[in-house]
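Structural features, examined
The primary structure of each chain is shown beneath.
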Amino acid sequence: MAALTPKPRDRVHFAVKFAAGAMRIASVLVALGSIGGAVALFNLPRLGVQALPDLVAGVIAAVVVVFALIYALILWGFADGLVLLADVDDAQRATQRQLADLVLAQRTARGPFHSEMVAEKTAQAGEETALRP
């Protein structure tokens, strides 16, 4: 009797890994963009624009950079989480395949070491016949 269900195959997880890579790129771009925006905010007076006092511009730039870095870290962590979910799926599929192999070996006695089992059984049968008078 063979296994009741087919063994699960490995998945490629291309879409998950692509999304994780895109999230990592987006997190780096968010961090660089916030730093660039802060630098641009400090350089407004050089361009002749006196929109904000220096202290207010510094506070706004610091808040924007901090929140953007937090957002970038969240994106990066979510990307790592997606990759970990794909790895867990692979591990579960490997476990299911191994269990299916063990069940099949138990049911048919034709596991991965079938030749050794047959040799052992013939050797035991030979010993039993040799011991009989």
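Predicted model only: the values in this text are computed from it and were never measured. (Residues numbered from 1 in each chain as written. Predicted model: local features only at pLDDT ≥ 70, side-chain atom pairs only at ≥ 80, totals over all residues. Heavy atoms only, no water.)

A few words on the overall build of the chain. Looking only at helices and strands, the chain features 3 helices and 0 strands. Starting at the N terminus and walking to the C terminus, you meet the elements of the chain as α-α-α. When the 133 residues of the chain are sorted by exposure, 17% land in the buried category. Once local pairs closer than 6 in sequence are excluded, the contacts in the chain between residues at least 24 apart make up 80%. In the structure as shown, the chain presents an accessible area of about 10100 Å², 70% of it carried by carbon and sulfur atoms. (Helix = DSSP H or I, 4+ residues; strand = E, 2+ residues; numbered from the N terminus. Buried < 20%, exposed > 50% of the residue type's maximum accessible area, 1.4 Å probe, protein only. Contact = heavy atoms within 4.5 Å. Areas by Shrake-Rupley, 256 points an atom, 1.4 Å probe, with all protein chains shown as cover.)

Right, let's talk about the side chain of H13 for a bit. For H13, the position within the fold is in the segment before helix 1 (14-42). Those residues in contact with H13 that sit more than four places away from it in its chain are A86, D89 and D90.

The N-to-C vectors of helix 1 and helix 2 (residues 54-108) enclose an angle of 175°; their axes lie 8 Å apart at closest approach. When the axes of helix 1 and helix 2 are compared, the pair comes out roughly antiparallel. Its residues assigned to classes, the contact of helix 1 with helix 2 comprises 28 nonpolar, 3 polar and 3 charged. (Axes fitted to C-alpha atoms, helices over the stretch in contact; angles between N-to-C directions. Parallel < 35°, antiparallel > 145°, perpendicular 65-115°, else oblique. Nonpolar A, V, L, I, M, F, W, Y, C, P; charged D, E, K, R; others polar.)

Mapped onto the fold, T5 is located in the segment before helix 1. Taking the relative accessible area as the measure of exposure, T5 reaches 56% and is therefore exposed. In the structure, T5 is positioned 95 residues away from A100 in sequence and 8.4 Å away in space, judged by C-alpha atoms.

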